[in-house]
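Working through the structure, step by step
The primary structure of each chain is shown beneath.
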Amino acid sequence: NAGVTQTPKFRVLKTGQSMTLLCAQDMNHEYMYWYRQDPGMGLRLIHYSVGEGTTAKGEVPDGYNVSRLKKQNFLLGLESAAPSQTSVYFCASSYATRENTIYFGEGSWLTVV
Amino acid sequence: QQQVKQSPQSLIVQKGGISIINCAYENTAFDYFPWYQQFPGKGPALLIAIRPDVSEKKEGRFTISFNKSAKQFSLHIMDSQPGDSATYFCAATLSGGYQKVTFGIGTKLQVIP
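Definitions and cut-offs
Residue positions are counted from 1 within each chain, in the order its sequence is given. For this description, chains carry letters from A and ligands carry numbers from 1, given in the order in which they are written. It should be noted that, the model being predicted, local features are given only for residues of pLDDT at least 70 and side-chain atom pairs only at 80 or more, the latter also being counted only at that level, while totals for whole chains, interfaces and linings use all residues. To get the side-chain values, all heavy atoms of the structure are used, and hydrogens and water are removed first. Relative accessibility decides the category of a residue: with a 1.4 Å probe and only protein chains considered, values under 20% of the type maximum give buried, values over 50% give exposed, and everything between is partly exposed. Each helix corresponds to a stretch of at least 4 residues labelled H or I by DSSP, and each strand to a stretch of at least 2 residues labelled E; elements are numbered beginning at the N terminus. Here a strand pair is declared whenever DSSP counts at least two bridges between the two strands. The convention used is that axes are lines fitted to C-alpha atoms, helices contributing only their stretch in contact, and that angles between N-to-C directions extend from 0 to 180 degrees. Counted as positive: Lys and Arg. Counted as negative: Asp and Glu, with His and the chain ends omitted from the count. Take a side-chain nitrogen of Lys or Arg and a carboxyl oxygen of Asp or Glu: if they are within 4 Å of each other, that pair is a salt bridge. Each polar contact in these results corresponds to two N or O atoms within 3.5 Å; when the atoms are within protein, one needs to be able to donate a hydrogen and the other to accept it, and residues that are neighboring in sequence are counted only if both atoms are side-chain atoms. Take the buried Ala, Val, Leu, Ile, Met, Phe, Trp, Tyr and Cys residues and link them wherever side-chain atoms come within 4.5 Å; each set so joined is a nonpolar core. The criterion used for residue contact is that any of the two residues' heavy atoms lie within 4.5 Å. Defined by distance alone, a disulfide is two cysteine sulfur atoms within 2.5 Å.

Residue and element names in this part refer to chain A. Side-chain alternation along strand S11 (residues 108–112) places Ser108, Leu110 and Val112 on a buried face and Trp109 and Thr111 on a face that remains uncovered. Of the pairings in the sheet, the one linking strand S2 (residues 10–13) to S11 comprises 4 bridges and is parallel in character. Looking across to S11, one finds that Val12 is bridged to Thr111. Where strand S9 (residues 87–94) lies against S11, 3 bridges are found, and the strand directions are antiparallel. Among the inter-strand pairings, Ser87 is bridged to a residue of S11, identified as Leu110.

Residue and element names in this part refer to chain A. Taken together, 4 strands build an open sheet; the order of strands is S1-S3-S8-S7 and the sheet is antiparallel. One side of each edge strand has no neighbouring strand; the edge strands of this open sheet are strand S1 (4–7) and strand S7 (64–67). Neighbour to neighbour, the strand axes of the sheet diverge by 20° on average, direction disregarded. The pairing of S7 with strand S8 (residues 75–78) spans 4 bridges and is antiparallel. For Val66, the partnering residue across the bridge sits in S8 and is Leu76.

So, about the side chain of Arg68(A). All names here are of chain A. Its place among the elements puts Arg68 in the loop between S7 and S8. One buried charged side chain, Arg68, makes no salt bridge at all; its nearest oppositely charged neighbour is Glu52, positioned 7.0 Å away. In this structure the side chain of Arg68 is engaged in a polar contact, spanning 3.0 Å, whose partner is the side chain of Ser49.

Another aspect to go through is the pairing of strand S3 (residues 19–25) of chain B. Residues and elements named next belong to chain B. Here S3 shows a buried face lined by Ser19, Ile21, Cys23 and Tyr25 and an unburied face lined by Ile20, Asn22 and Ala24. Across 6 bridges, the pairing between S3 and strand S8 (residues 72–77) is antiparallel. Residue Cys23 lies in a different strand from S8, and its bridge partner there is Phe73.

This part is about the nonpolar core. All names here are of chain B. With 24 residues, the main nonpolar core has Phe33, Trp35, Phe73, Leu75 and Tyr88 as its most contacted residues. For this core, the secondary structure elements donating two or more residues are strand S2 (10–14), S3, strand S4 (33–38), strand S5 (45–50), strand S7 (62–67), S8, strand S9 (86–93) and strand S11 (107–112). Among the elements that make up this core, the one with the highest residue count is S9 (4 residues). In this structure, Phe73 is in contact with Ile21, Asn22, Cys23, Tyr25, Phe33, Trp35, Ser65, Phe66, Cys90 and Ala91, ignoring residues within four places of it in sequence.

Throughout this description, disulfide means a covalent bond between two cysteine sulfur atoms. All names here are of chain A. If you walk through the whole model with that rule in mind, you get 2 disulfides over all chains. Cys23 shares a disulfide with Cys91; S-S distance 1.8 Å. In this structure, the disulfide formed by Cys23 and Cys91 twists by about -75° around the S-S bond and is classed as left-handed. Of this pair, Cys23 sits in strand S3 (residues 19–25) while Cys91 sits in strand S9, placing them 68 residues apart in sequence. The class of Cys23 is buried, set by a relative accessible area of 2%.

All names here are of chain A. Locating Arg44 in the fold gives a position in strand S5 (residues 42–49). By relative accessible area, which is 19% here, Arg44 ends up buried. Reaching out from Arg44, the side chain makes a polar contact with the side chain of Asp38 at a distance of 2.9 Å.

Right, let's get into unusual backbone geometry. Of note, the bond from Thr7(A) into Pro8(A) is cis; its omega dihedral lies within 30 degrees of zero at -5°. Structurally, Pro8(A) can be placed in the loop between S1 and S2. Of note, the bond from Ser7(B) into Pro8(B) is cis; its omega dihedral lies within 30 degrees of zero at -5°. Within the element layout of this structure, Pro8(B) appears in the loop between strand S1 (4–7) and S2. Positioned with a positive phi, Asn28(A) is a non-glycine residue whose angle comes to about 60°.

Next comes the structure, spelled out in structure tokens:
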């Protein structure tokens, strides 16, 4: 059982370049999330999705776009990367229940130079 | 606005000692309080969780204490081991519709031999 899989694991981008982080979950979860983790800032929600074809903004959505065309996939795009987007990105998913355990991927380390 | 305040941000404990991490919340509508454990290079994973109608929950060496009137909860790790060295996040969840999870800033625990 793979759980939540993120690709790529590491990436270095130049300022202004674009890229897409891919996330796939095999647990048939309704909810999916993208977080970023920065030192001293904890986990901050970028965007989330409550179902196929739906997306919504989290706490820090600026500079990012997302899409959820299939239930099992959630894509995070950076249209024009900035050094401030250097971070570790986590995709996660959960069932739509009250006590929704969130299952995280292993993270994607992104450096923007 | 940080709705879940976590302290300390870092903690060093000797092997065999008790590790204590504290969290305080503001929103009385939160109704589920999980703790996540994150090892270096990995994504966070659910460790233990509690509902507000329970004052304490114990799982092995890990105990959550919950004080509803003070709006505080804490994680105690008894007989701390070097393998417990990780970052711990407290969280609070609002149920109903989309269950937004608010994370604390995280505590980096180091257990030294």
